[in-house]
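Chain residues, written in single-letter form:
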Amino acid sequence: MKGSRFHTLLTCGLALAAGCVGYQWSIAPVRQRESEGSRSVSALRQQIDGARKAIGEVHTLEARFSRERHELDTLHGDLPSGPALVWFPERVKEHFARVGSGVVIVRLNTTMDVPDLPDFRRGYWSVGWPIDEAAGNVSGLMLAVAEFEQQNAFVRVLDFAIRPDPENPGGRMAALNVTALIPRKSLSR
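Residues numbered from 1 in each chain as written. Predicted model: local features only at pLDDT ≥ 70, side-chain atom pairs only at ≥ 80, totals over all residues. Heavy atoms only, no water.

(A) Structural detail: the pattern of salt bridges. Following the criterion strictly, the structure yields three salt bridges and no others. For Arg 121, the salt bridge goes to Asp 113, with nearest N and O atoms at 2.4 Å. What makes Arg 121 buried here is its relative accessible area of 17%. A salt bridge links Asp 113 to Arg 184; the shortest N-O distance between them is 2.8 Å. Pair noted here: Asp 113 is in strand 1 (residues 105–113) and Arg 184 is in the segment after strand 4 (172–183), with a separation of 71 residues, a long-range link. Taking the relative accessible area as the measure of exposure, Arg 184 reaches 35% and is therefore partly exposed. Several salt bridges converge on common partners, so that one network encompasses Asp 113, Arg 121 and Arg 184. (Salt bridge = Lys/Arg side-chain N within 4 Å of Asp/Glu carboxyl O. Buried < 20%, exposed > 50% of the residue type's maximum accessible area, 1.4 Å probe, protein only. Helix = DSSP H or I, 4+ residues; strand = E, 2+ residues; numbered from the N terminus.)

Structure, rendered in C-alpha cells:
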C-alpha cells in the first residue's frame, strides 16, 4: 500500500510537473506574441500621433495658402488692365491731383523678378514734383503718400524726401520712391 500510494503520488507529481511544463510551453508563445503586440501597438500609436501632427500642419498650410490665394486674387482685381507704363503713372498723378499736388514725373527705374510670384515683376518707380511753397501743406503731402500706399495693396513706399529743387533755387521738390507688383504681361509695350 505504501508503495502504491507512493507510486500514485509520484505519478500525480510527475503528471502535475508535466502539466506545468506543458502549460508554460503552451503559454510562452502567447506571452511573446502579447509582448510583440504591445510593442506594435506602441509603435502604431507613435505613427498615429505623427500622422495627426502632419495632418495638422497640412491644415495650417492649407489655411495659409487659402489666405495668400485670396490676397493674390484681390491684388489681381486691384490692378488695371493695359501696360503698367501707362496706368501706373496715371494712377499716381490722379491720386496726388486729388490732394492738390501736381506730379511732374513718374519714372520706372527697373523691374525685378519675384521668385514666389512667377506671373509678376516688382517695378521700382521714382516720382517727383515741386512743392507749392505758398500752400505750405507738407504734412498733407506726407498724409497723401501714406494714403497712396494704403489704397493700393500692390504698392510699398520705399522712401519719401523733400529736397531742394535743382531747377528752382529757392524751391523744394518732393521725391518718392515706390515699388509695385506688376503683372508680367502688363510690362510688354
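Don't stop here, the text continues.
(B) Spotlight on the side chain of Thr 179. Within the secondary structure, Thr 179 is located in strand 4. Given the relative accessible area of 4%, Thr 179 is considered buried. Separated by 3.4 Å, the side chains of Thr 179 and Arg 122 make a polar contact. At 3.2 Å, the side chain of Thr 179 and the backbone oxygen of Gly 123 are in polar contact. In this structure, Thr 179 is in contact with Arg 122, Gly 123, Tyr 124, Phe 154, Val 155, Arg 156 and Leu 158, ignoring residues within four places of it in sequence. (Polar contact = N/O pair within 3.5 Å; in protein donor to acceptor, adjacent residues only side chain to side chain. Contact = heavy atoms within 4.5 Å.)

(C) Layout of the packing of helix 2 (residues 84–98) against helix 3 (residues 138–151). In contact at an axis separation of 10 Å, helix 2 and helix 3 are set at 135 degrees when each is read in the N-to-C sense. As summarised for this structure, helix 2 and helix 3 are arranged oblique, according to the angle between their axes. Crossing angle aside, the handedness with which helix 2 passes helix 3 is right-handed. Residues Phe 88, Arg 91, Val 92, His 95, Phe 96 and Arg 98 of helix 2 lie in contact with helix 3, whose contacting residues are Leu 141, Ala 144, Val 145, Glu 147, Phe 148 and Gln 151. (Axes fitted to C-alpha atoms, helices over the stretch in contact; angles between N-to-C directions. Parallel < 35°, antiparallel > 145°, perpendicular 65-115°, else oblique. Left-handed = near helix turned anticlockwise from the far one by under 90°.)

(D) Fine view of helix 2. With 15 residues, helix 2 ought to run about 21 Å at 1.5 Å a step, and its terminal C-alpha atoms sit 21 Å apart, in line with that. Check the buried side of helix 2 and you find it contacts strand 1, strand 2 (120–130), helix 3, strand 3 (155–164) and strand 4. One or two steps after helix 2, the chain reaches Gly 100, where phi turns positive at roughly 90 degrees. (Expected span 1.5 Å × (residues − 1).)

(E) View of a nonpolar patch on the surface. Taken together, the side chains of Phe 6, Leu 10 and Leu 14 define a hydrophobic patch exposed on the protein surface, amounting to about 330 Å² of accessible area. Tracing the chain through its elements places Phe 6 in helix 1 (residues 2–78). (Patch = residues over 30% accessible without salt bridge, like charges linked within 9 Å, V, L, I, M, F, W, Y side chains within 5 Å. Areas by Shrake-Rupley, 256 points an atom, 1.4 Å probe, with all protein chains shown as cover.)

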